[in-house]
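Next come the chains, spelled out residue by residue.
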Amino acid sequence: MAAGDILLVHGGTDGYANLIRFITRSPIHHAAIDLGDGTSASAEAPRVKIKPISEFANVTVLSIGTPEQRRIVAWHAANMVGRTYSRLGFVLAGLDALGVIPAFLAQ
């Protein structure tokens, strides 16, 4: 693993993990960005936070782009730490991406 790698997390058993797996039909329920020092930038309500990678149950690592591009990704992810994150916003964006809009939002 290296800074800027995408960490795809699977194996969680909490309600949100189960909901995400159900909606997406994928074993992946969370993604984070490797910051290069054994930690990640992880969007977990209510804010993006730094989380040790060792706390994730199972991780698949994606190294996409050049080392310089991944360094920039890690820098941007680190600058997101502390910003507000909403699970509801993520779920609604996911439903929209799947073409499934709740009736009360379709108006």
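Described in the following lines is the structure provided in the data block. (Residues numbered from 1 in each chain as written. Predicted model: local features only at pLDDT ≥ 70, side-chain atom pairs only at ≥ 80, totals over all residues. Heavy atoms only, no water.)

## Details of the side chain of Ser40
Then comes step 1: For Ser40, the location among the structural elements is in strand β3 (residues 39-44).
Then comes step 2: Not counting residues within four places of it along the chain, the set of residues in contact with Ser40 comprises Leu7, Ala32, Ile33, Asp34, Leu35, Lys49, Ile50, Lys51, Ile53 and Phe56. (Helix = DSSP H or I, 4+ residues; strand = E, 2+ residues; numbered from the N terminus. Contact = heavy atoms within 4.5 Å.)

## Let's talk about the environment of Thr66
Then comes step 1: Take Thr66: it is sitting in the loop between β5 (58-62) and α2 (67-80).
Then comes step 2: Its relative accessible area of 39% is what places Thr66 among the partly exposed residues.
Then comes step 3: It is 9.8 Å that separates the C-alpha atoms of Thr66 and Gly4, two residues lying 62 residues apart in sequence. (Buried < 20%, exposed > 50% of the residue type's maximum accessible area, 1.4 Å probe, protein only.)

## A word on unusual backbone geometry
Then comes step 1: Look at Arg25: it is not a glycine, yet its phi comes out positive at around 55°.
Then comes step 2: Tracing the sequence through the fold places Arg25 in the loop between α1 (15-24) and β2 (28-34).
Then comes step 3: Judged by relative accessible area, which is 63%, Arg25 ranks as exposed.

## Comments concerning the environment of Met80
Then comes step 1: With respect to the secondary-structure elements, Met80 resides in helix α2.
Then comes step 2: The exposure class assigned to Met80 is partly exposed, which follows from its relative accessible area of 36%.
Then comes step 3: Note: C-alpha distance between Met80 and Ile50 (30 residues apart in sequence) is 9.7 Å.

## Thoughts on the packing of aromatic side chains
Then comes step 1: Tallying each qualifying case throughout the model produces 0 aromatic pairs.
Then comes step 2: Geometry around Phe22 places Arg25 over its ring, the cationic atom sitting 4.5 Å from the centre. (Phe/Tyr/Trp six-rings, centres within 6.5 Å; stacked < 30°, edge-to-face > 60°. Lys NZ or Arg CZ within 6 Å of the ring centre and 35° of its normal.)

## Details of α2
Then comes step 1: Relative to the 20 Å expected for 14 residues at 1.5 Å per residue, α2 spans 20 Å between its end C-alpha atoms, a close match to the ideal helical length.
Then comes step 2: Restricting attention to buried positions, one finds in α2 the residues Arg70, Ala74 and Ala77. Buried positions in α2, seen along its axis, are confined to an arc of 65° and lie on one side of it.
Then comes step 3: Positive phi appears at Gly82, one or two residues downstream of α2, with a value of about 95°. (Expected span 1.5 Å × (residues − 1). Arc of directions from axis to C-beta.)

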